[in-house]
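Here is how the chains run, residue by residue.
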Amino acid sequence: MLEELQKNKSVSISKLAAQLDVSSVTIRRDLNRLAEQGIVTLLHGGAVLNEGTAAITSVMVREKRLLTEKSHIAAFCAELIKEGNSVYIDCGSTPKSIAEAVMDKKNIVVLSHSLAVMNVLANAKDIQLISVPGVYIAAKKGFYGQLALEFISNFQLDIAFLGVGGLNLESGLTGPDIDDAQIKKVLIKKAKKKVIAVDHTKIGKEYFVKACDISDVDMLVTDKQADLHMIEKIRRMGVEVFLV
């Protein structure tokens, strides 16, 4: 079903049912699940693939992509943390992997507005976990809004690990969501070291809302499949880049 959506950008329930030799009820049920995850928009008799700069994909879906690459990125990021550091871990699938990688760290403080990160670190023995309050948004598995922004502003952070929807030379760091961009703007101001942790598929993409310029961050950690031409240009902008 996803292959058909990627290929044709839209699907018909009746045609899919015939093609896959299943009932229309089954196709409709699966399309409803994809709609809940933000992948498609339902139409009468079918669905269309959500595309464009304002399309938000469910964190649940993103967590299943490029698991090996995200694991390598997370392990590298964990090594950047020193004992006594105050650390912020953003919402997103790669930040969740970073939370998993820091479980055995000792004597650090971790702040996050991500419910997934909180769940990962809830049982960490030697980490002080501070949950950022706000309005919970299920599709992003995180807490957002003015309460979250004001809470984060109270802290001085040694290092912030940021996820991002797209990283573009001209547009900077962008995403499809205004609330998410607002949190990133605050983190850019409050963290001494700003680390963008993304897989190679995010580099070159552009979305609806700008969070900051590339030059506003200190480091980019991505995987070895990243476009080397773009990586070199990012380095020229004063950003440390590590391909792991």
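Residues numbered from 1 in each chain as written. Predicted model: local features only at pLDDT ≥ 70, side-chain atom pairs only at ≥ 80, totals over all residues. Heavy atoms only, no water.

Going by the annotation in an unreviewed UniProt entry, the name recorded for the chain is Transcriptional regulator, DeoR family, with Propionispora vibrioides given as the source organism.

Below, the discussion takes up the environment of F151. In this fold, F151 is placed in helix α8 (residues 146-152). Looking at F151, the relative accessible area reads 24%, which means it is partly exposed. Separated by 20 residues in the primary sequence, F151 and S131 have C-alpha atoms spaced 9.8 Å apart. F151 has contacts with I130, S131, V132 and P133, leaving out every residue within four places of it along the chain. (Helix = DSSP H or I, 4+ residues; strand = E, 2+ residues; numbered from the N terminus. Buried < 20%, exposed > 50% of the residue type's maximum accessible area, 1.4 Å probe, protein only. Contact = heavy atoms within 4.5 Å.)

What follows is about helix α9 (residues 178-190). Counted at 1.5 Å a residue, the expected span for α9 with its 13 residues is 18 Å, and the 19 Å between its end C-alpha atoms agrees. What α9 keeps buried is the set D180, A181, I183, K184, V186, L187, I188 and K190. Of the surrounding secondary structure, the elements contacted by the buried residues of α9 are β4 (86-89), β8 (142-144), α8, β9 (157-162), β12 (191-197) and β13 (209-212). (Expected span 1.5 Å × (residues − 1).)

Attention shifts here to the pattern of salt bridges. Note on pairing: side chains with opposite charge can pair once their charged atoms come close. This model, assessed by the stated rule, comprises ten salt bridges. We note a salt bridge from D177 to K140, for which the minimum N-O separation is 2.7 Å. Of this pair, D177 sits in the loop between β11 (172-175) and α9 while K140 is found in the loop between β7 (135-137) and β8, placing the two residues 37 residues apart along the sequence. A salt bridge links R236 to E232; its shortest N-O distance comes to 3.8 Å. Of this pair, R236 and E232 both sit in helix α10 (residues 228-236), four residues apart, roughly one helical turn. R236 gets classed as exposed once you look at its relative accessible area, which sits at 67%. (Salt bridge = Lys/Arg side-chain N within 4 Å of Asp/Glu carboxyl O.)

Here the focus is the packing of helix α5 (residues 67-79) against helix α6 (residues 93-101). Across the interface, α5 lies against α6 with an axial gap of 8 Å and an inter-helix angle of 55°. With respect to their mutual orientation, α5 and α6 come out oblique. For the crossing formed where α5 meets α6, the hand is right-handed. On α6, the residues touching K70, I73, A74, A75, C77 and A78 of α5 are S93, T94, S97, I98 and A101. Its residues assigned to classes, the contact of α5 with α6 comprises seven nonpolar, three polar and one charged. (Axes fitted to C-alpha atoms, helices over the stretch in contact; angles between N-to-C directions. Parallel < 35°, antiparallel > 145°, perpendicular 65-115°, else oblique. Left-handed = near helix turned anticlockwise from the far one by under 90°. Nonpolar A, V, L, I, M, F, W, Y, C, P; charged D, E, K, R; others polar.)

Right, let's talk about the pairing of strand β15 (residues 240-243) for a bit. Sheet topology places strand β14 (residues 219-222) next to β15; four bridges connect them, and they run parallel. Across the sheet, residue V221 finds its bridge partner in β15, namely F242. With respect to chirality, the unit in which β14 leads through α10 into the neighbouring parallel β15 is right-handed. (Pairing = 2+ DSSP bridges. Right-handed = clockwise from strand over helix to strand, strands pointing away.)

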